[in-house]
Amino acid sequence: MLIVGRDRAAVEQLLAARALQCPHCRGELRPWGSARPRPVRELGTETVCTPRRSRCASCEKTHVLLPDTMLLRRRDALVVIGAALLAKATGEGSRLIGRRLGVHPDTVRGWLRRFALRAEGWRAHCWAWAHALDASLGPIAPAGSVFADAVSAIGLAVGAATRRFGPRPGWGWVAVISAGGLLANTSTLSIAP
Ligand SMILES: [Zn+2]
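Parameters and conventions
- Residues numbered from 1 in each chain as written.
- Predicted model: local features only at pLDDT ≥ 70, side-chain atom pairs only at ≥ 80, totals over all residues.
- Axes fitted to C-alpha atoms, helices over the stretch in contact; angles between N-to-C directions.
- Helix = DSSP H or I, 4+ residues; strand = E, 2+ residues; numbered from the N terminus.
- Parallel < 35°, antiparallel > 145°, perpendicular 65-115°, else oblique.
- Left-handed = near helix turned anticlockwise from the far one by under 90°.
- Contact = placed C-beta atoms within 7 Å.
- Nonpolar A, V, L, I, M, F, W, Y, C, P; charged D, E, K, R; others polar.
- Pairing = 2+ DSSP bridges.
- Domains from an automatic or database assignment.
- Buried ≥ 20, exposed ≤ 12 C-beta atoms within 10 Å, placed from the backbone.
- Arc of directions from axis to C-beta.

Asks: What exactly am I supposed to notice about the packing of helix α5 (residues 119–133) against helix α6 (residues 146–165) here?
Replies: Two measures define how a pair of helices packs: the angle their axes make with one another and the distance between the axes. Two elements in contact, α5 and α6, have axes separated by 8 Å at closest approach and are oriented at 25°. On the basis of the axis angle, α5 is roughly parallel to α6. Here α5 runs over α6; the crossing is left-handed. Where α5 approaches α6, its residues A119, E120, W122, R123, C126, W127, W129, A130 and L133 are matched on the opposing element by V146, F147, D149, A150, A153, I154, L156, A157, A160, A161 and R164. Among the residues making up the contact of α5 with α6, the classes are represented as 16 nonpolar, no polar and four charged.

This is the structure in structure tokens:
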């Protein structure tokens, strides 16, 4: 799996130009059909996304090209999940968050619990990214909880990536930095800057 931009035509151009690299061996990725369609919910609307698939010309592994609007195995758009994490970091409860975002509170609770389990890991991971991209960053200011510290570190990493490489709309940089695994069971923390 590789995180790509949300513009399908641009992804096709990158594939045609052999400009996408295999995340395992950095070989050239070639077009290889499509992944299965998946629903994406965002603020009351549901669309269907059919990510492109690719195959490495060197190691022959296939990789889904996941748009940076989504997380692995999550039906809700990353901007919605991100808004919930931000709201929790400022002390909002899951019921209110759910009502505001049009998501069942149990779903919100699931996201928050999942993120909280690995919050310390994400804090360290995002801080490493932030620092690798901008060595001038000073120490991180405590935000009041491990959860809020992790969300704050995400913000620092996104800021550093934006300064270095330019903006990605929405939470696009978070998809890249977490390799789509912000709420995954298994660790994607090995994805180094
Ligand atoms: Zn490869």
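Asks: I'm lost on the sheet that holds strand β6 (residues 62–67) in this one. Help?
Replies: Consider a sheet: its strands pair through backbone hydrogen bonds, and that pairing is either parallel or antiparallel. Here four strands make up an open sheet; going across it, the order is β1-β6-β5-β2 and the pairing mixed. A strand with exactly one partner marks an edge of an open sheet, and here the two such strands are β1 (2–4) and β2 (29–34). In this sheet, adjacent strand axes meet at a mean angle of 40° when their direction is disregarded. Pairing between β1 and β6: three bridges, direction parallel. Of the residues in β6, the one forming a bridge with L2 is L65. In this fold helix α1 (residues 8–16) packs onto β1, β2, β5 (52–56) and β6, with an angle of close to 135° to the strand it touches most, β2.

Asks: What exactly am I supposed to notice about the domain arrangement of the protein here?
Replies: One widely used convention gives an interface's size as the accessible area the parts lose upon coming together. Looking at the protein, the domain boundaries give domain 1 (2–66) and domain 2 (78–177). Its C-alpha centre places domain 1 at a distance of 24 Å from the equivalent point of domain 2. Taken together, the contact between domain 1 and domain 2 spans four residues of the former and six residues of the latter. A per-class count over the side of domain 1 that touches domain 2 returns two nonpolar, one polar and one charged.

Asks: Can you help me understand the environment of C49 in this one?
Replies: Inspection of the secondary structure assignment puts C49 in strand β4 (residues 45–49). Under the C-beta neighbour-count criterion, C49 is labelled partly exposed, with 16 such atoms within 10 Å. When the C-alpha atoms of C49 and P67 are compared, they prove to be 8.9 Å apart, with 18 residues separating the residues in sequence.

Asks: Help me out: how do you make sense of helix α3 (residues 94–101) in this one?
Replies: Every α-helical turn comprises 3.6 residues, leaving residues that sit three or four positions apart pointing alike. All buried positions along α3 are accounted for by S94, I97 and L101. Taken down its axis, α3 places every buried residue within 60° of arc, on the same side. Across from the buried face of α3, at angles greater than 90 degrees, the exposed residues are R95, L96 and R99. Elements in contact with the buried residues of α3: α2 (78–89) and α4 (105–117). One or two steps after α3, the chain reaches G102, where phi turns positive at roughly 70°.

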